[in-house]
Amino acid sequence: MEKQEIAQLYESYAPDVFRLALSYLHNQQDAEDVCQAVFLSLLNKNLQLFPGKEKAWLLTCTANACKNHLKSFWKRNVGELDESLPCHDDTDQDLWSAITSLAPKYRAVIHLYYYEGYSQEEIAQILKLSRTAVQTRVSRARNQLKKELSKYE
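**Student:** Any chance you could break down the overall build of the protein for me, citing the residues and the numbers?
**Tutor:** When you go through the protein residue by residue, the secondary structure sums to eight helices and zero strands. In sequence order, the protein lays out its α and β elements as α-α-α-α-α-α-α-α. Across the 153 residues that make up the protein, the buried fraction comes to 36%. Of the contacts formed within the protein by residues at least 6 apart in sequence, a portion of 66% connects residues at least 24 apart.

Below, the structure is given as structure tokens:
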């Protein structure tokens, strides 16, 4: 794959890759690092991607990189700073707080389903899960969000 093609993919899909990484890692700097690592991986491996499947490949790599980051020695042994992402209003802040309180596996499916617009079947392929596992995670995440958001009413 040529550098120009990779640059076009970066322009098109970097925000999506970053948002998925942020939903997994809940840390802007780590998400930026993972985003860069995914595109560097594409550049270094010189892969030929199937047309129309680029975004799915990038999001799959992002999910894997985030899982590896969460398992890393550094992540387990270093404390995090409290980051507050600015939201437009209190409703957005309440929703964001509820989403970030979910476990990473639930945040990922919620992000891919609601923010990226993927079907449950596509999410299953991206995260390398069964469709049933994705359905279960979406259902459990919804229940947890419903419970968490009911505190704000």
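**Student:** Tell me about the environment of lysine 147, and name the residues and values.
**Tutor:** As for its position among the elements, lysine 147 is in helix α8 (residues 131–149). Taking C-alpha positions, lysine 147 is 9.2 Å from alanine 98, a pair spaced 49 residues apart along the chain.

**Student:** Break down helix α7 (residues 120–127) for me, citing the residues and quoting the values.
**Tutor:** If you check which residues of α7 are buried, you get Gln120, Ile123, Ala124, Ile126 and Leu127. The buried residues of α7 occupy an angular sector of 165° when projected down its axis, which confines them to one face. Residues of α7 that are buried make contact with α1 (3–25), α3 (54–71), α6 (104–115) and α8. Taken from the residues just after α7, lysine 128 is the one with a positive phi, measuring 55°.

**Student:** Tell me about the packing of aromatic side chains, and name the residues and values.
**Tutor:** Per the stated rule, a full pass over the model turns up two aromatic pairs. A ring pair is formed by tyrosine 10 and phenylalanine 39, whose centres lie 4.9 Å apart and whose planes are at 75°; its orientation type is edge-to-face. With tyrosine 10 in helix α1 and phenylalanine 39 in helix α2 (residues 28–45), this pair connects stretches of sequence that are 29 residues apart. Here tyrosine 10 falls in the partly exposed class, since its relative accessible area comes to 38%. Look at tyrosine 113 and tyrosine 114: their rings are 4.8 Å apart centre to centre, the planes differ by 85°, and that puts the pair in the edge-to-face class.

**Student:** Break down the nonpolar core for me, with residues and values.
**Tutor:** Counting residues in hydrophobic clusters, the biggest one holds 30 residues, and the most contacted among them are Val17, Tyr24, Phe39, Leu59, Leu112, Ile123 and Leu127. With nine residues, the top contributor of residues to this core is α1. When sequence neighbours within four positions are dropped, the list of residues in contact with leucine 127 reads Tyr24, Ala63, Lys67, Ala108, Val109 and Leu112. Residues Ala98, Ile99, Ile110 and Leu145 belong to the second largest nonpolar core, which totals seven residues.

**Student:** Mind laying out the layout of surface pockets, listing which residues take part and the relevant values?
**Tutor:** For the second largest pocket, the calculated volume is near 230 Å³. Looking at the second largest pocket, the residues that line it are Leu49, Phe50, Gly52, Lys53, Ala56, Trp57, Thr60, Tyr118, Glu122, Gln125 and Ile126. Within the residue set of the lining of the second largest pocket, elements represented by two or more residues are α3 and α7.

**Student:** Let's hear about the packing of α1 against α2: which residues, and what values?
**Tutor:** Where α1 contacts α2, the two axes come as close as 8 Å, and the packing angle between them is 145°. Handedness of the α1/α2 crossing: right-handed. Taking contact as the criterion, the partners of Lys3, Ile6, Leu9, Tyr10, Tyr13, Ala14, Val17, Phe18, Ala21, Leu22 and Leu25 in α1 are, on α2, Gln28, Asp30, Ala31, Glu32, Val34, Cys35, Val38, Phe39, Leu42 and Leu43. Considering only residue class, the contact of α1 with α2 consists of 17 nonpolar, one polar and three charged.

**Student:** Give me the lowdown on α6, citing residues and values where you can.
**Tutor:** Taking 1.5 Å per residue as the helical rise, α6 with its twelve residues ought to reach 16 Å, and the 15 Å between its terminal C-alpha atoms agrees with that figure. Buried within α6 we find Tyr106, Arg107, Ala108, Val109, Ile110, His111 and Leu112. One or two positions beyond α6, positive phi appears at glycine 117, with a value near 80°.

Calculation rules
Residues numbered from 1 in each chain as written. Predicted model: local features only at pLDDT ≥ 70, side-chain atom pairs only at ≥ 80, totals over all residues. Heavy atoms only, no water. Helix = DSSP H or I, 4+ residues; strand = E, 2+ residues; numbered from the N terminus. Buried < 20%, exposed > 50% of the residue type's maximum accessible area, 1.4 Å probe, protein only. Contact = heavy atoms within 4.5 Å. Arc of directions from axis to C-beta. Phe/Tyr/Trp six-rings, centres within 6.5 Å; stacked < 30°, edge-to-face > 60°. Core = buried A, V, L, I, M, F, W, Y, C linked by side-chain atoms within 4.5 Å. 1 Å grid on protein atoms, 1.4 Å probe; cavity = no way out; pocket = protein on both sides within 12 Å on 5 of 7 lines; lining within 4 Å. Points joined across faces, edges and corners; volume = space filled by probe spheres on them. Axes fitted to C-alpha atoms, helices over the stretch in contact; angles between N-to-C directions. Left-handed = near helix turned anticlockwise from the far one by under 90°. Nonpolar A, V, L, I, M, F, W, Y, C, P; charged D, E, K, R; others polar. Expected span 1.5 Å × (residues − 1).

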